[in-house]
Amino acid sequence: MRADKAPGSHAASSRPLRSFAAGNSGNHGFGVHHSVILDAALAAAAALACVIFAAWIYRFNEVPLEVPLAYSGDALYYGALIKGVIENGWYLHNPSLGAPFGFDMGPFPMSDNTHFAMLWLIGLFTDEFGSALNVFYLTSFATAAISAFVSMRWMGLNRLFSLCGAILYSLQAYHFLRGGHLFLASYFCLPIFSAFAMGIFAATESSQLSTKSLLGYALLLAVAAGCGIYYALFASLLIGFAAIAGSVEHGCWRPMRLGLAAGLIILIATTASLAPHLQAIHDTTLDGNLTQRDAVETERYGLRMIQMALPTPFHQNDSFRKQADEYRSRAPNVTENRTASIGLIAFLGFMGSLIYVLQRFPAQDPTLRRLGVLNLIAFLFATIGGFASLFAWFATAQFRAPNRISILIAFLSLCFFLLILQNALKKIRRGTLRHAASFAAFLAILAFGTWDQSLAKSNLLKSNQVIYEHDRASADAIMHHLSPGSRVYQLPYVPYPEAAPLHAEGHTGLMRRFLHSKGIAWSYGSMKFSAVDQWIRRMELSPLRERLGKLAASDFDAVLVERRAYADNGKSVEAELQDYLGPPAMTCPDQSCSLFRLKAFSETEASPLLSTALGSGYSAWETANPGWRSATLKGSRASIQLLNPLKQTIVSRLNLDISTPAPIGLEIWRGGELLHSWNSHNPSSLDMTFELAPGINSLDLRFRGIDNDGMPIIAPAGIRLSKPVIGAVDTPLHLREFQKQVAEADRIFSPN
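Residues numbered from 1 in each chain as written. Predicted model: local features only at pLDDT ≥ 70, side-chain atom pairs only at ≥ 80, totals over all residues. Heavy atoms only, no water.

## Examining the state of the cysteines
Stage number 1. Within this structure, the stated rule accounts for 1 disulfide.
Stage number 2. Disulfide partner of C588: C593, at an S-S distance of 1.6 Å. For the pair formed by C588 and C593, the shared burial category is buried.
Stage number 3. We note that C50 lacks a disulfide partner, and the nearest cysteine sulfur, in C164, lies 11 Å from it.
Stage number 4. Unpaired in this structure, C227 has its nearest cysteine sulfur neighbour in C189, at a distance of 4.4 Å.
Stage number 5. Take C227: its relative accessible area is 2%, and that puts it in the buried class. (Disulfide = S-S within 2.5 Å. Buried < 20%, exposed > 50% of the residue type's maximum accessible area, 1.4 Å probe, protein only.)

Below you can see the structure in the form of C-alpha cells.
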C-alpha cells in the first residue's frame, strides 16, 4: 500500500498536499478549504497579534518611532543601506559615503531584492532610517505569521492549530535575537519554500497544474527567493531532496521535473538579484579579499542540537536563563549559533519527527513522514561536521553559518507537532468534547510556547534612545558649521565593511555621522579594497601635514576626529591638527568628536591626489599597499580606473610602462572616444595628456599584435602593465610634481 493512501485519520492531513500536487480546483486551492475570508481574517489576526506582542516586548510605545531597535554593530550597516534606499532609490550606490567618490555596493554580493523593495515602499512614507528599520522589523513579524498560517493550512492543519503555529513561528526566539541582522529576521519565505518542498515530495504523474497556477507559483517562488542567499540555499536543499525522494517514492519523474523547475526559478531570481554585483566584480579588480571565508568556520558557526533545546539566553525565567548562560560560558565555539533555540514545543516536534522517520511506524501519515525526512536532511546539513562542512571544503566556504537553518527546522517541527496533536484529537468521537479539547490544547500550547520562546521585556530602545539623541545632536552641530555639499574626512581610517572594532568605537560606529546628517559627504564607508578605498589608503600614507594639503586640494572641507576610535581619545592627533589648522571649529556635544576646518592651502603646498586602480581583464597582479604594482592581461583587452577627487574636470597626465614579448599596437578608449593610438616594441613607456572628469573614469586598453610588415595580428600573450603614474598638470607646480613622481616611480621594466 502506498503511504499516500494510509487509512483512517492519517489520510486527512495529507489531503491538501495531494490536491495541490494534482492541481485540483474548487475548494482545494493553496491553503484554502472553506471560507477565504475567514482564513484571511485569521491570518491577519495572527499577524496583528505578533506585531503587538513584539512592540510590547520592546516597549515601542515609550520611545519615538525613529529610534532604531538595533543601533550598533551590523545594525548600523543595515541602517546605512536603508538610508541609502530612502535617499537614492536603491542600495547599490550612495554618494554620501566613501567621499570623494561615493560608496559602491557592487563588489559585496547581496541577494535581497525582495527586502530592498519592501524598504523602498516603506521609504515612501518616511525619510528617517530608524523609522524605516523599525517598521520593517515589526512587519517581519506579520509576514512570518501570514506565510506560516497559509502554509500550515495547506499542509492540512485546521484553522485553530494553524493560528497557533503561525504565532509560535513568528515569535521564535530567533526572531528577537536577529534584530541586528535585519534581513535574517525577515524569514517569511521559509514556510513558502517548505510548502513547495512538501508539494513536490507528494507529486505524482497524474498531477496537473493550470497555466495560471504555474505562473502564480513561479511568481511566489521568485519573490521568496529574493529574501537572501542563505534562505535560497536552504530552499534549494529541501526542494532538491524532495524532488529526488518523491521520484523514488512514486516511481515517476514528475517530482524531479517540478523540483528542477522550482530550482531554476530560484536560480534565476537569485541571479537577477546578484547580477549588478557580478557585473561589478567582473569590471573591477580589488587589491584584497573582500569576503574572506575559511571552510573551518562552518565548524564554529554550525548547528548544535543542544542549542536548539536550550532556552533562549534572554529567557523570562531566571533559572532557564542561567542554564543558557552556563552553556555559553563553558562550551567551545558558542557564536551566533546561540540564536538557534527553537523552544520546547518545536523541539518536541523536531525529536518526534526524527523518531517517526527512523522507527517507520505502520500505516504512516505521508505528510508527517515527509516533514520528518526534511527535518532530518536540514539537521544533517547544518550540524557541526555535517553536509555544510563538506560543502564548505569542496565547493565554497562563503556559507559559513549553517546554524541559520534552525528557523526552518522550527517551522517544520511546529507543523509536525501540531499535526500529531490534531490527528490524536480526531480520535475523540464526541464532537463537543473534541472541540473543547482542541480549544484547550490551543490555549495551553499558545500560552506556554509564547512564554517559552519570547524574551523578557527589554529596555533596549530606551538605551538606544540616549545614544541616538547624542549622535543626532552631534550631527546637527556639524551641519551647522558646514554648508550643504561639504566633504568631511574622518580620522582614523577604518575599513568597511567587516572591520575589527577600534578601541571604544564599534566596527561600524563611524557610520552614525552619515545616518544623522543630510547633504554632507563622509569619507567613511568606501568599500574595502575597492578603487575608492585604495585612494583613501594612499592618502593615509602621507604625513599629516601633506595629507591635509592634499585633502584641501581634493575639495575636502573639514576633518573630523572620531575620538572613541583612538586609544588616547584623539588627544595626540588633535594636538597635531591644531598646529596646522588652529583650534577645532567645534566639539561634538557628547565629546565624541571634534571638527577642524581645512584652511585654503597655498598652491605651493599640495596638489589634488589623483590615483589609478585595476579594472577588468587581468589574470594576475602583484599587489602593493595600497593598490597594485604590476598586472598581467589575460587577453588583448583590459581596463584601468582613473580617480579624480575634484568636483570639476582637470587636465591630467598619465605615464604607463608596458612589457610585451612582441611588438604591439594599442588603442585607448574612454566610452566611445578614442584618446590615443600607439605602436611600440618591448619594453615601452606610454605618456599621454587628457582631460579627466570628476569621479571614477574608466579607460579601455585594446592591444593588437604587429607583424614584420606592420600589419595588425592577434595580440601576443603575456602583456604586462606597471602601475601608472597620474597627476594634475594644469599648473606649472602640478606639472613639476608629476615629473617628480615619474622620476621616483618604481620601474619594474626598463622602458626605452
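## Regarding helix α25 (residues 732-744)
Stage number 1. With 13 residues, α25 extends 18 Å between its outermost C-alpha atoms, agreeing within 8% with the 18 Å of an ideal straight helix rising 1.5 Å per residue.
Stage number 2. Residues L733, H734, F738 and V742 constitute the buried set of α25.
Stage number 3. Looking at the packing, one finds that the buried side of α25 touches β12 (650-659), β15 (684-692) and β19 (725-728). (Helix = DSSP H or I, 4+ residues; strand = E, 2+ residues; numbered from the N terminus. Expected span 1.5 Å × (residues − 1). Contact = heavy atoms within 4.5 Å.)

## Some words on empty space enclosed by the protein
Stage number 1. Overall, the coordinates contain 5 cavities of 30 Å³ or more when judged by the stated rule.
Stage number 2. Estimated volume of the largest cavity: approximately 90 Å³.
Stage number 3. Lining the largest cavity, in full, are Q307, L310, P311, P313, A324, Y327, R328, V334, R338 and S341.
Stage number 4. Per-element tally for the lining of the largest cavity: the top contributor is helix α14 (residues 318-330), with 3 residues.
Stage number 5. The residue makeup of the lining of the largest cavity, split by class, is 6 nonpolar, 2 polar and 2 charged.
Stage number 6. By volume, the second largest cavity amounts to about 70 Å³.
Stage number 7. When contributions to the lining of the second largest cavity are tallied by element, the ones reaching two or more residues are β3 (487-491) and α22 (531-540).
Stage number 8. Split into classes, the residues belonging to the lining of the second largest cavity amount to 7 nonpolar, 4 polar and 1 charged. (1 Å grid on protein atoms, 1.4 Å probe; cavity = no way out; pocket = protein on both sides within 12 Å on 5 of 7 lines; lining within 4 Å. Points joined across faces, edges and corners; volume = space filled by probe spheres on them. Nonpolar A, V, L, I, M, F, W, Y, C, P; charged D, E, K, R; others polar.)

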